[in-house]
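# Architecture at a glance
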Amino acid sequence: MLNIVVCVKQVPDTEQAIRAKSDGSGIEESGLNWILNYYDEHAVEEALRLKEKHGGTVTVVAVGPQRATEAVRTALAMGADEGVLVTDPAIDGADGIGVARVLAKVIADLPFEVILAGRLATDDNAAVVGAALAELLDLPQATAISKLALDGRVATVDRELEGGSETLEVDLPAVFTVERVINEPRYPTLPGIMKAKRKEIKTHTLESLALDGAVGAAAARSRAVRFEAPPKRQAGQIMTPPTPEEAASAIVAFLQNDAKVI
Amino acid sequence: MGKDVWVLVDHEAGAVRRITLELLGKAREIATALGGRAGAVLIGPSRDDTNTKLAAHGADVVLRAEGDGLGAYTTEAWTAVVSDAFRAHAPAALLVPSTAWGRDCAPRIAARLGAGIVTDVEDLAWETDHLVARRPMYTRKILATVALSGDGPQIAVVLPKVFPLPDAASDRVAEQVALPGRTSDREPRVRVLGRHEIKRERASLSEADIVISGGRGLRAPENFALLDGLAATLNGAVGSSRPPVDSGWVPHEYEIGQTGKTVSPTVYVAVGISGAPQHLAGMSGSKFIIAINKDQNAPIFQVASLGVVGDLFAIVPKLTDEIGKAKAAT
Ligand SMILES: Cc1cc2nc3c(=O)[nH]c(=O)nc-3n(C[C@H](O)[C@H](O)[C@H](O)COP(=O)(O)OP(=O)(O)OC[C@H]3O[C@@H](n4cnc5c(N)ncnc54)[C@H](O)[C@@H]3O)c2cc1C
């Protein structure tokens, strides 16, 4: 019996336009479509596969505003057993380490052998929480893994490196963050969705976790102070050369005269 | 608070990755302004030229840890060495290369020290008593300014090729400081079973000055040979959009974009790539973008410095020939 915890985050769908507020204090949230973070789908999938193979339970834990229950329900609809949401206005402005503190506090009270998370969340792309969580729980970690196999109390994982990969043996319990190539996430089934709707999601606040003041804007050591649209790239010259020879000459001329690389 | 700025050296048995040297240039700039020194934290076995290379590119001090348990990168060992060194020497900041190892240990070091951390950094400055960084967010639809704070250390994980390689001054010498090696007597909980290389003939994707990237328009895995040929004449590296990875034509290591790598080469050539936002997120920091696409309405043309409408299968072989000729002539 394996106890698996998956950390999930709700993020705006990357397909839509994202605009900064005019005062630069954040992004314009009205009208946005919110989804379960792409990499977290892979983390949930990996948890379900471990459960199918070894038996056990999958508990998903999210930190975020009330709307983040939807991300938890998506994970439940995929097949996770239990959902937990920590929501508290005071968490606004917390940095990645702060979120990891919250997760560590929740997870410390759960049974677990394997903790999974996505390699990063596609909103802020920070890739901080997984490794910070491992540190705060004093657990070994392997980040951005592309393969995971368990044998008793030991995991064997692959992770990508610059121009290669490495294979690691990791003692359980441990924290793993997953790369997208680790699996192909399943779609929630209709019965799964129905079941997820009825499921009670346990909620916590900073107070119920005895984390008042330890997490939030005041405790954060990293703060996004301004959000803006990136400078627009100037579209350059677009041409439709009549022959491939002329296309090639135009590109060579550009490489020589503009980019100056040949 | 300290005045020194450190760089965590990313290296493979002493062969220093280029990004480390790029960060040394920036570290030296900030340290000089603070009246401090640039330090290079070198963990594990090194080569004869490792020290001279770090010194030549800006390190005033090389802080070295070697010995038992430090032969191969592990999160726990590197986290312990860097955190202990931080406590002992209290530098102002640590710059970490955004590589697999750097991204793995930096957040853990930050959590251990209660430090501020910012990742995916594309620009960095010191203001009064803290680092201010710029980083893309939300599929690069937003550029965020992030301020670190606190009197503890501040950590920035920086993307490759956003800072220039500093000029090497081969006569510079760095002071050597020995850091304690592995001090924990706990059995390592993570063991490296093996490392496997993906053979690349030339520069690695994130270090290359020229990147040639192929998309779904390539149609079949064997057609990536066209891009290999082009990359060879330009001494560039080959990358891809996501569909070629999902179809198994190239390994995930090739992927550029939100769910792949972020690259900022001098020239990025997008071949048969439409220019979806998730792809642009990984390459629109490139200095020049050349696009070859048969659809004149492809969004990639909106960001291309030079857009060529046409059939890639006709153009790319001709282009490889022409570049060969142009190079022979110079
Ligand atoms: C959460 C999420 C994350 C994602 N992350 C990434 C990512 O990291 N990287 C990424 O690339 N994508 C990513 N995507 C996918 C992205 O949305 C696009 O689907 C993808 O980038 C399209 O790849 P493409 O341009 O190669 O293919 P297509 O969009 O199919 O474009 C192929 C292009 O080739 C051109 N073409 C075809 N034949 C020829 C020819 N003979 N000569 C010249 N041109 C030709 C066509 O005109 C077309 O423009 C992500 C998507 C999601 C939802």
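In this text the structure is predicted, and so the values were computed from the model without any measurement.

Calculation rules
Residues numbered from 1 in each chain as written. Chains lettered and ligands numbered in written order. Predicted model: local features only at pLDDT ≥ 70, side-chain atom pairs only at ≥ 80, totals over all residues. Heavy atoms only, no water. Helix = DSSP H or I, 4+ residues; strand = E, 2+ residues; numbered from the N terminus. Rg over C-alpha atoms; globule rule 2.2 N^0.38 Å. Buried < 20%, exposed > 50% of the residue type's maximum accessible area, 1.4 Å probe, protein only. Contact = heavy atoms within 4.5 Å. Areas by Shrake-Rupley, 256 points an atom, 1.4 Å probe, with all protein chains shown as cover. Lys, Arg positive; Asp, Glu negative; His and termini not counted. Charge placed at Lys NZ, Arg CZ, Asp CG, Glu CD. 1 Å grid on protein atoms, 1.4 Å probe; cavity = no way out; pocket = protein on both sides within 12 Å on 5 of 7 lines; lining within 4 Å. Points joined across faces, edges and corners; volume = space filled by probe spheres on them. Axes fitted to C-alpha atoms, helices over the stretch in contact; angles between N-to-C directions. Parallel < 35°, antiparallel > 145°, perpendicular 65-115°, else oblique. Left-handed = near helix turned anticlockwise from the far one by under 90°. Nonpolar A, V, L, I, M, F, W, Y, C, P; charged D, E, K, R; others polar. Domains from an automatic or database assignment.

## Quick look at the overall build of chain B
Along the backbone of chain B there are eight helices and 18 strands. In terms of overall dimensions, chain B is globule-like: its C-alpha atoms have a radius of gyration of 21 Å, near the 20 Å expected for 330 residues. The burial tally for chain B puts 61% of its 330 residues in the buried class. Long-range pairs, those at least 24 residues apart, make up 66% of the contacts in chain B with a sequence separation of at least 6. Accessible surface computed for chain B: about 12,200 Å², of which carbon and sulfur atoms make up 49%. Counting 36 positive and 37 negative side-chain charges, chain B places the averaged centre of each group 3 Å from the other.

## What to know about empty space enclosed by the protein
Inspection of the entire model under this criterion finds four cavities of 30 Å³ or more. Volume-wise, the largest cavity comes out at about 60 Å³. Surrounding the largest cavity, Gln141(A), Ala142(A), Thr143(A), Arg159(A), Glu166(A), Leu168(A), Tyr73(B), Thr74(B), Thr75(B), Asp104(B), Val190(B) and Val192(B) form its lining. Every element with two or more residues in the lining of the largest cavity is listed here: strand S7 (141-151) and strand S9 (164-171) of chain A together with strand S13 (190-197) of chain B.

## Quick word on the layout of surface pockets
In this model, the second largest pocket occupies a volume close to 1,200 Å³. It is helix H6 (residues 242-246) of chain B that contributes the most residues to the lining of the second largest pocket, four residues altogether.

## Some thoughts on the packing of helix H2 (residues 69-78) of chain A against helix H5 (residues 190-198) of chain A
Residue and element names in this part refer to chain A. Close contact between H2 and H5 brings their axes to 7 Å; oriented N to C, the two are set at 135°. The orientation of H2 relative to H5 falls into the category oblique. Here H2 and H5 pass one another in a crossing that is right-handed. Contact residues: H2 offers Arg73, Leu76 and Ala77, while H5 offers Gly192, Ile193, Ala196 and Lys197. Looking at the contact of H2 with H5, its residues break down into four nonpolar, one polar and two charged.

## Section: the domain arrangement of chain A
Assigned domains within chain A: domain 1 (2-221) and domain 2 (234-262). Computed from C-alpha atoms alone, the centre-to-centre distance between domain 1 of chain A and domain 2 of chain A is 46 Å.

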